[in-house]
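Chain by chain, the residues:
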Amino acid sequence: QVHFVESGGGLVQPGGSLRLSCGASRSINSINAGWYRQSPGKQRELVAGISSTGSTNYADSVKGRFSISRDNAKNTVYLQMNSLKPEDTAVYYCNTYIGKVQLSPWGQGTQVTVSS
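Now for a quick tour of the structure.

What counts, and at which threshold
Residues numbered from 1 in each chain as written. Predicted model: local features only at pLDDT ≥ 70, side-chain atom pairs only at ≥ 80, totals over all residues. Heavy atoms only, no water. Helix = DSSP H or I, 4+ residues; strand = E, 2+ residues; numbered from the N terminus. Rg over C-alpha atoms; globule rule 2.2 N^0.38 Å. Contact = heavy atoms within 4.5 Å. Areas by Shrake-Rupley, 256 points an atom, 1.4 Å probe, with all protein chains shown as cover. Disulfide = S-S within 2.5 Å. Buried < 20%, exposed > 50% of the residue type's maximum accessible area, 1.4 Å probe, protein only. Core = buried A, V, L, I, M, F, W, Y, C linked by side-chain atoms within 4.5 Å.

Things to note about the overall build of the protein chain
Link 1 in the chain: Looking only at helices and strands, one finds zero helices and eleven strands in the protein chain.
Link 2 in the chain: Taken from N to C terminus, the helices and strands of the protein chain fall in the order β-β-β-β-β-β-β-β-β-β-β.
Link 3 in the chain: Taking 13 Å as the expected radius of gyration for a compact globule of 116 residues, we find that the protein chain reaches 13 Å, a close match to that expectation.
Link 4 in the chain: By its C-alpha atoms, the protein chain is 40 × 25 × 25 Å across when sized along the principal axes.
Link 5 in the chain: If you take every contact in the protein chain between residues at least 6 apart in sequence, the share linking residues at least 24 apart comes to 54%.
Link 6 in the chain: Of the roughly 6,000 Å² of accessible surface on the protein chain, a fraction of 48% belongs to carbon and sulfur atoms.

In structure tokens, the structure reads:
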């Protein structure tokens, strides 16, 4: 199993930006990686995914504002979040996946709070 450590969250005003980082305990170069989020009372959802070849996909709610990337040499996946909205407030997690199935245990996540 791969273990993940997420970082980069914090408190930001609406319209602001954050960059999240996810370090993996070993190589994840050959598999899909994604950023998920969960807010109180809601199910965890995939907000951005990136394939082993670099193809990306996004939830409709974040298209045009979030950008996922990966640095295979560092076993790290990033999420650049711009034009943040209060509804982006959540704990953000990363994981590898095939379809709707996550492949590793969840990390501790990183809290993102968007508020004035």
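The structure having been displayed, the exposition proceeds.
What about the state of the cysteines?
Link 1 in the chain: Counted under the stated rule, the structure contains one disulfide.
Link 2 in the chain: For cysteine 22, the disulfide goes to cysteine 94, at an S-S distance of 1.7 Å. Between cysteine 22 and cysteine 94 the disulfide shows an S-S torsion of about 55°. By sign, it is right-handed. With cysteine 22 in strand β3 (residues 18–24) and cysteine 94 in strand β9 (residues 90–98), the pair connects residues that are 72 residues apart, well separated along the chain.
Link 3 in the chain: Classification of cysteine 22 by relative accessible area gives buried; the value is 1%.
Link 4 in the chain: Of the residues examined, cysteine 94 reaches a relative accessible area of 1% and is grouped as buried.

Some thoughts on the nonpolar core
Link 1 in the chain: Among the nonpolar cores identified, the biggest contains 26 residues, and Trp35, Leu79, Met81 and Tyr92 are the most heavily contacted of them.
Link 2 in the chain: No other element matches β3, which puts four residues into this core.
Link 3 in the chain: Beyond its immediate sequence surroundings of up to four residues, leucine 79 is in contact with Leu18, Arg19, Leu20, Trp35, Val47, Ala48, Phe66, Ser67, Ile68 and Tyr92.

Examining the environment of tyrosine 93
Link 1 in the chain: Tracing the sequence through the fold places tyrosine 93 in strand β9.
Link 2 in the chain: In this structure the C-alpha to C-alpha distance between tyrosine 93 and glutamine 108, which are 15 residues apart in sequence, comes to 7.4 Å.
Link 3 in the chain: Those residues within four positions of tyrosine 93 in sequence are excluded, and the remaining contacts are Glu6, Gly34, Trp35, Tyr36, Gln38, Arg44, Trp106, Gly107, Gln108 and Gly109.

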